[in-house]
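Letter by letter, the chains look like this.
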Amino acid sequence: MTIEELEKKASEIRATCVQMACDGRVGHLCSSMAYVDVLVALYHGGWLKHFPAEPKHPGRDRFILSKGHGCTALYAVLADRGFFPVETLAEYNRETSCLPNHPCMHTLPALEMSAGSLGHGLGVATGMLYGLRLKGSAARAAVLLGDGECNEGSVWEAAMFAAAHKLENLLAVVDYNGVQAVGKTDEIAGFTSLEGKFRAFGWAARTIDGADMRTVMETLSAFPFEKGKPSVIIARTKNKVSFMENDVLWHYRVPSEEERVKALAELGAAPIYGRKP
Amino acid sequence: MRRAFSTALCAAADRDPGVVFLTGDLGYQVFTDLEKKHPTRYVNVGIAEAQMVNMAAGLAKEGFRPIAYSIASFMTARPFEQIRVCAAYPGLPVLFVGAGGGYAYASSGVTHHAGDDLALMSLLPGMTVAAPCDPAELIALLPQLLELPGPAYMRIGKFGEPAVAGAEPAVLGRARLMTAGEKVAVLTCGEQAYAAQEALKELAAAGVRPQHYHFHTVKPLDTAALARIAAAAKTMIVVEESSPNGGLGAGVAAWLAAAGAGTKYVRLGPPDEFFFGGPARETVTERHGYGKKAIIEACRKAWVG
């Protein structure tokens, strides 16, 4: 896909997230919206080897969404890539749906892991990569973390392990959207640098404009950033809906009908499901 | 028991290339054989129990048979959420091994006490929970635990546990008849089997002959065995070094109540308390009445009662 096509896809996925929040009547919208450019770059941009017809293909790259509350973007992308029918997205957050508001690998086997509790994804990925190395596999793993999630100590236990064992097939992306559940991320972290912390833990780290598709694609193509080190991208992200930017309220809020229409208009895209045949 | 574990572990790693051993920076000079023989499958994760558990889950996800090892309190209570979310929820076959379970590290203080390890692990759906009584039983159970499709926890001791003779072999999930007898049944888990055997020897001289069943598998509880025991014994005496809120005693009591069995129930074990300072394990056992002397007394009383 060209950069323009990837950008268009990202807008569609964002529109889908908005629609799913409305249909499912559950928030955490910004937790999904922010990292869409990165996710589309990983899946549609070709970084992640994936096999929709055979989700457990041994040669696949592993993707772990560690911040499980931001799952609508992942559901939308997986559906768009053909892991399951796009119309299933309309069932998001229904009692009997395979798409609960925190991902469950038992209802959606295409997932590598369930998620919902923060601070686990990076550690699990280190185990997968250690195992893949024992098996002689060159498969890679990408983990999407929240910036707020990096408050968790287990993230740093995993970071230490990954560097100590030179897991250079590991890519962590921190969705640096600046907000967490009840406050601003930088303030809570004492205005310390995420990139600096990862570097101190032995990682190759880059802070980028994670809302710019070209930058994201170029950064991904430079992976691994340094030989023998795990790589981390601190992605400064945007929701790309003006009234949702940088506001803790939109961590929770379900858009009203008026807000939904306004958001889709700003995005200039329609959801990928619910289209008339 | 740690030595036996090391030997059994090495044998398991020789047999199965999927076995990977993770330690939370514990077991100085205990696992040297494994480390030498299979250096890539011995990993000192560091003093990072959360990471050890999550990493083990990742390995299991890739088809390996990880075994995570630490002191019982640091293996269970500390990374409880990681075990719950990353191993139990996905149903992954990770074996967690807690050394010095119960009050084996009594003198090290409350931080090292693990009277709650069996109860904590039993809380998790799909978790198998075992507590062998001696090195031989550990060696018998380890390969069986490594055959399970889901997660398991095994409490082991430290060093120098005496051998306990059993009438039957150790089969995971089944109560093990140690000594046949009548009227009174002594039920043990973990290292308490030895005290029970010593007590039974003394009692036999006085013509008191309770039966002894060892429940090395605390979960799933062998309820078929409980039904047989309840049908034959008027009193069941559970001996455990475990919190009264969970563990063998709690499981047996709940089963007896639900089954409506008329069997009397006696529990010998530590109370729901912290033990401050650094008491000797023997002191804890004596003070709270679950050692050999207490078992003898309880059996005598039940025998004539």
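Numbering of residues starts from 1 in every chain and runs along the sequence as written. The naming scheme follows written order: chains are lettered A onward, ligands numbered 1 onward. Given that this is a predicted model, residues contribute local features only at a pLDDT of at least 70 and side-chain atom pairs are listed and counted only at 80 or more, while totals for whole chains, interfaces and linings are drawn from all residues. Only hydrogens and water are removed before side-chain values are computed, so all heavy atoms of the structure are retained for them.

A few points about the overall build of chain B
Piece 1. The number of helices and strands found in chain B is twelve helices and twelve strands.
Piece 2. The globule rule used for comparison is 2.2 Å times the number of residues to the exponent 0.38, while the radius of gyration itself is calculated over C-alpha atoms. For 305 residues, the compact-globule estimate of 2.2 N^0.38 gives 19 Å, and the C-alpha radius of gyration of chain B, at 19 Å, lies within 12% of that figure.
Piece 3. C-alpha extents for chain B along the principal axes are approximately 60 × 40 × 30 Å.
Piece 4. By the burial criterion, 61% of the 305 residues in chain B qualify as buried.
Piece 5. What makes two residues a contact is simply this: any of their non-hydrogen atoms within 4.5 Å. Sequence-distant contacts in chain B: of pairs separated by 6 or more residues, those separated by 24 or more amount to 75%.
Piece 6. Working note: accessible area of chain B is about 11,300 Å², and carbon and sulfur atoms make up 56% of it. We count a stretch as a helix when DSSP gives it H or I for four or more residues in a row; a strand needs E for two or more, and each element gets its number in order from the N terminus. For every residue, the accessible area obtained with a 1.4 Å probe (protein chains only) is divided by the maximum for its type, and the residue is called buried under 20%, exposed over 50%, and partly exposed between those limits. What sets the accessible areas is the Shrake-Rupley method with a 1.4 Å probe; for residues, cover comes only from the shown protein chains.

Structural notes on the domain arrangement of chain B
Residue and element names in this part refer to chain B.
Piece 1. Segmentation of the chain into domains, including their bounds, is taken from an automatic or database domain assignment. One can read the domain layout of chain B as domain 1 (2-156) and domain 2 (176-304).
Piece 2. Domain 1 and domain 2 are separated by 26 Å when their C-alpha centres are compared.
Piece 3. Listed by partner, the interface residues are 27 residues for domain 1 and 30 residues for domain 2.
Piece 4. A 1.4 Å probe defines the accessible area here, and the buried area is the portion of it lost by two parts on being joined, summed over both. Roughly 1,900 Å² of surface becomes buried between domain 1 and domain 2 when both sides are summed, with 57% attributable to carbon and sulfur atoms.
Piece 5. Considering only the side of domain 1, the residues that lose the most area to domain 2 are Y103, V110 and C133, jointly responsible for 28% of the buried surface there.
Piece 6. We define a salt bridge as a contact between a side-chain nitrogen of Lys or Arg and a carboxyl oxygen of Asp or Glu at a distance within 4 Å. Seen at the junction of domain 1 and domain 2, the total is one salt bridge.
Piece 7. Across the pair R176 and E137 runs a salt bridge whose closest N-O atoms are separated by 2.7 Å.

Let's talk about the sheet that holds strand 2 (residues 141-146) of chain A
All names here are of chain A.
Piece 1. With respect to topology, five strands assemble into an open sheet ordered 1-2-3-7-6, the strand pairing being parallel. The open sheet has two edge strands, strand 1 (62-65) and strand 6 (204-209), and neither has a second partner. Shown here is a sheet whose adjacent strand axes are inclined to one another by a mean of 20 degrees, direction ignored.
Piece 2. To obtain an axis, a line is fitted to C-alpha atoms, over the contacting stretch when the element is a helix, and the angle between two such axes runs from 0 to 180 degrees between their N-to-C directions. Across the face of the sheet, helix 3 (residues 36-43) comes into contact with strand 1, strand 2, strand 3 (170-176) and strand 7 (231-236) while running at roughly 165 degrees to strand 1. DSSP-based pairing: two strands are paired if at least 2 bridges between them are found.

Side note on the interface of chain B and chain A
Piece 1. With 23 residues of chain B at the contact, the number on the chain A side is 29 residues.
Piece 2. Buried surface at the junction of chain B and chain A, summed over both partners, amounts to about 2,100 Å²; 63% is from carbon and sulfur atoms.
Piece 3. Viewed at the interface, chain A and chain B are joined by three salt bridges.
Piece 4. In this structure, B:E62 engages A:R62 in a salt bridge whose closest nitrogen and oxygen atoms are separated by 2.7 Å.
Piece 5. Here a polar contact is recorded for every N or O atom pair within 3.5 Å, except that within protein the pair must consist of a potential hydrogen donor and a potential acceptor, and residues adjacent in sequence are included only if both atoms are side-chain atoms. The interface formed by chain B and chain A includes eleven residue pairs in polar contact (both at pLDDT 80 or more).
Piece 6. Put simply, the parts of the chain that give the side of chain B that touches chain A at least two residues each are helix 3 (49-61) and helix 5 (80-88) of chain B.
Piece 7. A per-element tally of the side of chain B that touches chain A places helix 3 of chain B first, with nine residues.
Piece 8. Each residue is assigned to one of three groups, with Ala, Val, Leu, Ile, Met, Phe, Trp, Tyr, Cys and Pro labelled nonpolar, Asp, Glu, Lys and Arg labelled charged, and all others, Gly among them, labelled polar. Its residues assigned to classes, the side of chain B that touches chain A shows 13 nonpolar, five polar and five charged.

Some points on unusual backbone geometry
Piece 1. Going from A:F223 to A:P224, the amide bond is cis rather than trans, its omega being -10 degrees.
Piece 2. With respect to the helices and strands, A:P224 occurs in the loop between helix 9 (213-221) and strand 7.
Piece 3. Along the chain, B:K219 connects to B:P220 via a cis peptide bond; the corresponding omega equals 0 degrees.
Piece 4. As for its placement among the helices and strands, B:P220 is situated in the loop between strand 10 (217-219) and helix 9 (223-232).
Piece 5. Of note, the phi angle at A:H28 is positive, near 60 degrees, even though the residue is not glycine.
Piece 6. Of note, A:H28 is situated in the loop between helix 1 (3-24) and helix 2 (29-33).

Focus on the side chain of B:Q211
Residues and elements named next belong to chain B.
Piece 1. Along the polypeptide, Q211 turns up in strand 9 (residues 211-214).
Piece 2. Assessed through its relative accessible area of 8%, Q211 is described here as buried.
Piece 3. Once you skip the residues sitting within four places of it in the chain, Q211 turns out to touch T179, A180, G181, E182, V184, A185, V186, I229, A232 and A233.

Details of the pairing of strand 6 (residues 152-156) of chain B
All names here are of chain B.
Piece 1. The buried fraction of strand 6 amounts to five of the five residues, a majority that puts the element mostly inside the structure.
Piece 2. Burial along strand 6 is two-sided: the face carrying A152, M154 and I156 and the face carrying Y153 and R155 are both buried.
Piece 3. For strand 4 (residues 95-99) and strand 6, the ladder comprises five bridges, and the chain directions are parallel. In the sheet register, V97 faces strand 6, and the bridge partner there is M154.
Piece 4. Relative to strand 6, strand 5 (residues 128-130) is paired through three bridges, and the arrangement is parallel.

Notes on the environment of B:V252
Residue and element names in this part refer to chain B.
Piece 1. Inspection of the secondary structure assignment puts V252 in helix 10 (residues 248-259).
Piece 2. You can call V252 buried: its relative accessible area is 0%.
Piece 3. Counting along the chain gives 13 residues from V252 to Y265, while the straight-line C-alpha distance between them is 8.5 Å.
Piece 4. In this view, V252 contacts L187, L221, L226, M236, V238 and Y265; residues no more than four positions away in its chain are not counted.

Side note on the sheet that holds strand 11 (residues 233-239) of chain B
Residues and elements named next belong to chain B.
Piece 1. The mixed open sheet is built from five strands, whose spatial order is 7-9-8-11-12. Two strands bound the open sheet, and with one partner strand each, they are strand 7 (176-179) and strand 12 (264-268). In this sheet, neighbouring strand axes are inclined to one another by 25 degrees on average, regardless of whether the strands run parallel or antiparallel.
Piece 2. Of the pairings in the sheet, the one linking strand 11 to strand 12 comprises five bridges and is parallel in character. Residue pairing across strands places M236 opposite Y265, the latter belonging to strand 12.

Quick notes on the packing of helix 9 of chain B against helix 10 of chain B
All names here are of chain B.
Piece 1. Orientation of helix 9 relative to helix 10, taken along the N-to-C sense of each, is 65 degrees, at an axis distance of 11 Å. Our pair here, helix 9 against helix 10, has a crossing hand that is right-handed. Residues T223, L226, A227 and A230 of helix 9 form the contact with helix 10, whose own contacting residues are V252, W255 and L256.
Piece 2. Here the contact of helix 9 with helix 10 is built from residues that sort into six nonpolar, one polar and no charged. Throughout, a crossing is termed right-handed when the near helix is turned clockwise from the far one, and left-handed when it is turned anticlockwise from it by less than a right angle.

Quick word on the pattern of salt bridges
Piece 1. In the structure shown here, the tally under the stated rule is 27 salt bridges over all chains.
Piece 2. The network of salt bridges with common partners includes A:K8, A:K9, A:E12 and A:D80.

Some details on the packing of helix 1 of chain A against helix 10 (residues 257-267) of chain A
Residues and elements named next belong to chain A.
Piece 1. Direction vectors running N to C along helix 1 and helix 10 enclose 175 degrees, while the axes themselves pass 9 Å from each other. Relative to helix 10, the element helix 1 is oriented roughly antiparallel. Here S11, R14, A15, V18, Q19 and C22 of helix 1 lie close against helix 10, whose contacting residues are R260, A263, L264 and L267.
Piece 2. Per-class residue counts for the contact of helix 1 with helix 10 are six nonpolar, two polar and two charged. In this scheme, roughly parallel covers angles under 35 degrees and roughly antiparallel covers those over 145, while 65 to 115 is roughly perpendicular and the rest are oblique.

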